[in-house]
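These are the residues of each chain, in order.
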Amino acid sequence: ASSLARMFVQVCLYFYCKCLWRCLKFVVRKLTGQCELQRICYNTKPGAARTMKIEASLKGSKSKRLQTSINVHPNAIEKTIDDIMELKRINPDIHPQLGVSLQACLLQIVGYRNLIAEVEKLRQEPYDSENPQHEEMLLKLWKCLKPNSPLKARISKQWCEIGFQGDDPKTDFRGMGLLGLYNLVYFAEWDTEIAQQVLTDSLHPKYSQLSKAEWEKKKFDKAIGYSFAIVGINITDLAYNLLVSGALKTHFYNVAPEVPTLTHFQQTFCYLMHEFHKFWIDEDPLDIMEFSRVREKFYKRILRQLQNPEMALCPHFAASESLINM
């Protein structure tokens with residue numbers, strides 16, 4: 001009985017707050033002469049803060065047309081903006097900038113949803129050793145990371161040198177499908193110098209780019225390494241979870257002026273690989289069994305950073321220069 005009473009009170013409170021909020025919005029519109037979308041666009045600077053407020057406003061609208069506007073096809077965005085302006089009785093000739101701002105926000109919102117679908121499609125596609133394109137990408141990964149060490153055979157223990165578990169990497173891609181391979185190849189191809197350095201450090205962490213004085217100061221006696229490729233696939237999983245949970249909206253809405261793309265996601269992966277490597281060194285784990293603990297701690301740190309609406313994960317290496325300059 002008490003639980004039913006508590007549930008009844010919560011339902012009443014919900015509807016009371018909802019009605020109160022709608023009344024407040026009505027009063028504010030009458031006082032300012034502006035709808036909520038106008039107030040957000042005029043009073044919030046472009047980026048995650050504005051786009052996330054616009055997204056929340058459209059989702060919470062009592063109008064079905066506004067609710068569904070965040071799910072339209074990219075080609076229908078201009079028509080959707082016209083519908084919104086008409087529904088809100090806003091003259092586009094008097095308020096031309098509002099349409100431009102709403103269009104930019106919708107491109108980001110719709111683009112993020114489509115990016116999730118694109119990433120998910122890659123994740124669901126298994127590695128196929130009979131597919132020449134898959135095999136070509138795998139061999140490209142080796143050539144980028146080990147340009148001076150020719151691969152002696154497709155099935156070879158040499159794969160362990162770049163952090164795969166056995167003599168055939170295809171079995172290691174099961175968790176993330178082609179997405180894991182796409183990310184590793186992007187990192188190795190576009191940030192070759194950094195990727196090679198991270199690989200070297202992962203094999204010999206004691207001799208990484210930290211100076212001898214820094215090592216002695218931190219007392220990294222054990223300096224445990226890790227499997228580069230396996231960790232790359234694991235960090236792909238981390239990036240994927242950040243994406244589908246919506247946590248990466250902050251980053252993408254701040255760095256992509258319009259539609260977030262797969263390239264943005266891959267650049268984010270590069271950043272996460274680079275940052276995780278430094279984090280692993282700083283944590284100085286006792287053995288590889290601590291990987292899950294270190295990864296979880298790193299994940300929580302990234303989540304905390306992304307809670308800041310001003311946050312953009314800004315790496316300082318080649319593949320992400322375009323992000324910094326946007």
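None of the values given here were measured: they were computed from a predicted structure.

## Description of the overall build of the protein chain
Move 1: Across its full length, the protein chain holds 15 helices and zero strands.
Move 2: Looking at the 326 residues of the protein chain, the share that counts as buried comes to 45%.
Move 3: Looking at the protein chain alone, contacts between residues at least 24 apart form 66% of all its contacts between residues at least 6 apart.
Move 4: Roughly 17800 Å² of accessible area belongs to the protein chain as shown, and the carbon and sulfur atoms make up 56% of that amount.

## Section: the pattern of salt bridges
Move 1: Across all of its chains, the model carries 14 salt bridges by this definition.
Move 2: Between Arg-154 and Glu-135 there is a salt bridge; the shortest N-O distance is 2.7 Å. Residue Arg-154 is found in the loop between helix 7 (132-145) and helix 8 (177-190), and its partner Glu-135 is found in helix 7; the two are separated by 19 residues along the sequence.
Move 3: As a salt-bridge pair, Arg-293 and Glu-283 come within 3.2 Å of each other at their nearest N and O atoms. Residue Arg-293 is found in helix 14 (residues 291-306), and its partner Glu-283 is found in helix 13 (residues 262-283); the two are separated by ten residues along the sequence.
Move 4: Arg-293 sits in the partly exposed class, given a relative accessible area of 38%.
Move 5: Among the charged side chains, a salt-bridge network with shared partners connects Glu-283, Glu-290, Arg-293 and Lys-297.

## Notes on the packing of aromatic side chains
Move 1: Applying the stated criterion to the full structure yields 16 aromatic pairs.
Move 2: Seen in terms of ring centroids, Tyr-127 and Phe-173 are 5.6 Å apart; in terms of plane orientation they differ by 25 degrees. Their pairing is stacked. Here the residue Tyr-127 occupies a position in the loop between helix 6 (96-124) and helix 7, and Phe-173 occupies one in the loop between helix 7 and helix 8, the gap between them amounting to 46 residues. Each member of the pair, Tyr-127 together with Phe-173, is buried.
Move 3: Measuring from ring centre to ring centre gives 5.9 Å for Trp-159 and Phe-164, while their planes differ by 85 degrees; the resulting arrangement is edge-to-face.
Move 4: Of the aromatic side chains, those joined through ring pairs into one cluster are Tyr-226, Phe-276, Phe-279, Trp-280, Phe-291 and Phe-298.

## Focus: helix 7
Move 1: For helix 7, with 14 residues, the first-to-last C-alpha span of 20 Å sits near the 20 Å given by 1.5 Å per residue.
Move 2: Among the residues of helix 7, those classed as buried are His-134, Glu-135, Met-137, Leu-138, Leu-141, Trp-142, Cys-144 and Leu-145.
Move 3: Elements in contact with the buried residues of helix 7: helix 8, helix 9 (192-203) and helix 11 (228-244).
Move 4: Its side-chain oxygen placed 2.9 Å from the backbone nitrogen of Gln-133, Asn-131 serves as the N-cap of helix 7.

## Here's the deal with the nonpolar core
Move 1: Formed by 85 residues in total, the largest nonpolar core has its most connected members in Ile-54, Leu-102, Leu-141, Leu-181, Leu-242, Phe-265 and Leu-272.
Move 2: Mapped onto the domain boundaries, this core takes at least three residues apiece from domain 1 (34-123) and domain 2 (127-307).
Move 3: Beyond its immediate stretch of four places on either side in the chain, Leu-272 contacts Ile-235, Leu-238, Ala-239, Leu-242, Phe-298 and Ile-302.

## Description of the packing of helix 6 against helix 8
Move 1: Look at helix 6 against helix 8: their axes get within 3 Å of each other, and the N-to-C directions meet at 105 degrees. The angle between the axes of helix 6 and helix 8 places the two elements in the roughly perpendicular class. Residues Val-119, Leu-122 and Arg-123 of helix 6 lie in contact with helix 8, whose contacting residues are Gly-177, Leu-178, Leu-179 and Tyr-182.
Move 2: By residue class, the composition of the contact of helix 6 with helix 8 is five nonpolar, one polar and one charged.

What counts as what
- Residues numbered from 1 in each chain as written.
- Predicted model: local features only at pLDDT ≥ 70, side-chain atom pairs only at ≥ 80, totals over all residues.
- Heavy atoms only, no water.
- Helix = DSSP H or I, 4+ residues; strand = E, 2+ residues; numbered from the N terminus.
- Buried < 20%, exposed > 50% of the residue type's maximum accessible area, 1.4 Å probe, protein only.
- Contact = heavy atoms within 4.5 Å.
- Areas by Shrake-Rupley, 256 points an atom, 1.4 Å probe, with all protein chains shown as cover.
- Salt bridge = Lys/Arg side-chain N within 4 Å of Asp/Glu carboxyl O.
- Phe/Tyr/Trp six-rings, centres within 6.5 Å; stacked < 30°, edge-to-face > 60°.
- Expected span 1.5 Å × (residues − 1).
- Polar contact = N/O pair within 3.5 Å; in protein donor to acceptor, adjacent residues only side chain to side chain.
- Core = buried A, V, L, I, M, F, W, Y, C linked by side-chain atoms within 4.5 Å.
- Domains from an automatic or database assignment.
- Axes fitted to C-alpha atoms, helices over the stretch in contact; angles between N-to-C directions.
- Parallel < 35°, antiparallel > 145°, perpendicular 65-115°, else oblique.
- Nonpolar A, V, L, I, M, F, W, Y, C, P; charged D, E, K, R; others polar.

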